[in-house]
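Listed here are the chains, written in short residue letters.
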Amino acid sequence: IESYAATCNMLPFVIQNPTLNALAHKYTKTIPQIICRWNFQLGMIPIIHSFNPVHIKDNINYFDFSLEEDEMKAITGLNMNYKCYPESLFCPGY
């Protein structure tokens, strides 16, 4: 299973989320790394993109830690049924 646009283009509601920020601080990781790890532990392959070489390197560095069960549930509980289609950011009306 693939998780397309897993980081939801780091929209404000993702960047400002207190749960994700607390976990990023706890593990000394970025929010995208926390999200990728959560996807990976659920058995999904996160598809993320960046044009920034530093972000590309950071985004794949999520194999050196594991989220605890209660943390996995906390992230799952953040579900807003929000759909992010990166194509529509560049093609209005898509």
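Residues numbered from 1 in each chain as written. Predicted model: local features only at pLDDT ≥ 70, side-chain atom pairs only at ≥ 80, totals over all residues. Heavy atoms only, no water.

*Asks:* Looking at this model, I keep getting lost on the side chain of Asn59. Mind explaining?
*Replies:* Looking at the secondary structure, you find Asn59 in helix α4 (residues 53-59). The exposure class assigned to Asn59 is buried, which follows from its relative accessible area of 10%. When residues no more than four places from it in sequence are discounted, the contact partners of Asn59 are Pro32, Cys36, Ile48 and Ser50. (Helix = DSSP H or I, 4+ residues; strand = E, 2+ residues; numbered from the N terminus. Buried < 20%, exposed > 50% of the residue type's maximum accessible area, 1.4 Å probe, protein only. Contact = heavy atoms within 4.5 Å.)

*Asks:* Just to check I follow, could you spell out the packing of helix α2 (residues 18-27) against helix α5 (residues 69-76) for this structure?
*Replies:* Helix packing geometry: the angle between the two helix axes and the distance between the axes. With their axes 10 Å apart at the nearest point, α2 and α5 run at an angle of 150 degrees to one another. Relative to α5, α2 is oriented roughly antiparallel. In this structure, α2 meets α5 at a crossing whose hand is left-handed. Here α2 contributes Thr19, Leu20, Leu23, Lys26 and Tyr27 to the contact with α5, which in turn contributes Glu71, Ala74 and Ile75. Across the contact of α2 with α5, the residue classes tally to five nonpolar, one polar and two charged. (Axes fitted to C-alpha atoms, helices over the stretch in contact; angles between N-to-C directions. Parallel < 35°, antiparallel > 145°, perpendicular 65-115°, else oblique. Left-handed = near helix turned anticlockwise from the far one by under 90°. Nonpolar A, V, L, I, M, F, W, Y, C, P; charged D, E, K, R; others polar.)

*Asks:* What am I meant to see in the packing of aromatic side chains here?
*Replies:* For the structure shown, the criterion picks out four aromatic pairs. Look at Phe40 and Tyr62: their rings are 6.0 Å apart centre to centre, the planes differ by 65 degrees, and that puts the pair in the edge-to-face class. Of this pair, Phe40 sits in helix α3 (residues 31-41) while Tyr62 sits in the loop between α4 and α5; the two residues are 22 residues apart in sequence, bridging distant segments of the chain. By relative accessible area, which is 8% here, Tyr62 ends up buried. Relative to Phe63, the ring of Phe40 lies with its centre 5.1 Å away and its plane at 85 degrees, an arrangement referred to as edge-to-face. In this pair, Phe40 sits in helix α3 while Phe63 sits in the loop between α4 and α5, placing the two residues 23 residues apart along the sequence. Residue Phe40 is classed as partly exposed on the basis of its relative accessible area, which comes to 37%. (Phe/Tyr/Trp six-rings, centres within 6.5 Å; stacked < 30°, edge-to-face > 60°.)

*Asks:* I keep staring at the nonpolar core and nothing clicks. Help me out?
*Replies:* A general feature of soluble globular proteins is that nonpolar side chains tend to end up buried together. Leu20, Tyr27, Ile31, Ile34, Phe65, Leu67 and Ile75 are the most contacted members of the largest nonpolar core, which has 15 residues in total. When residues of this core are traced back to their parent elements, those giving at least two are α2, α3 and α5. Looking at this core, the element that brings in the most residues is α3, giving five residues. Setting aside residues up to four positions removed in sequence, Leu67 forms contacts with Tyr27, Ile34, Arg37, Trp38, Gln41, Met72 and Ile75. (Core = buried A, V, L, I, M, F, W, Y, C linked by side-chain atoms within 4.5 Å.)

Structural measurements only, silent on function.
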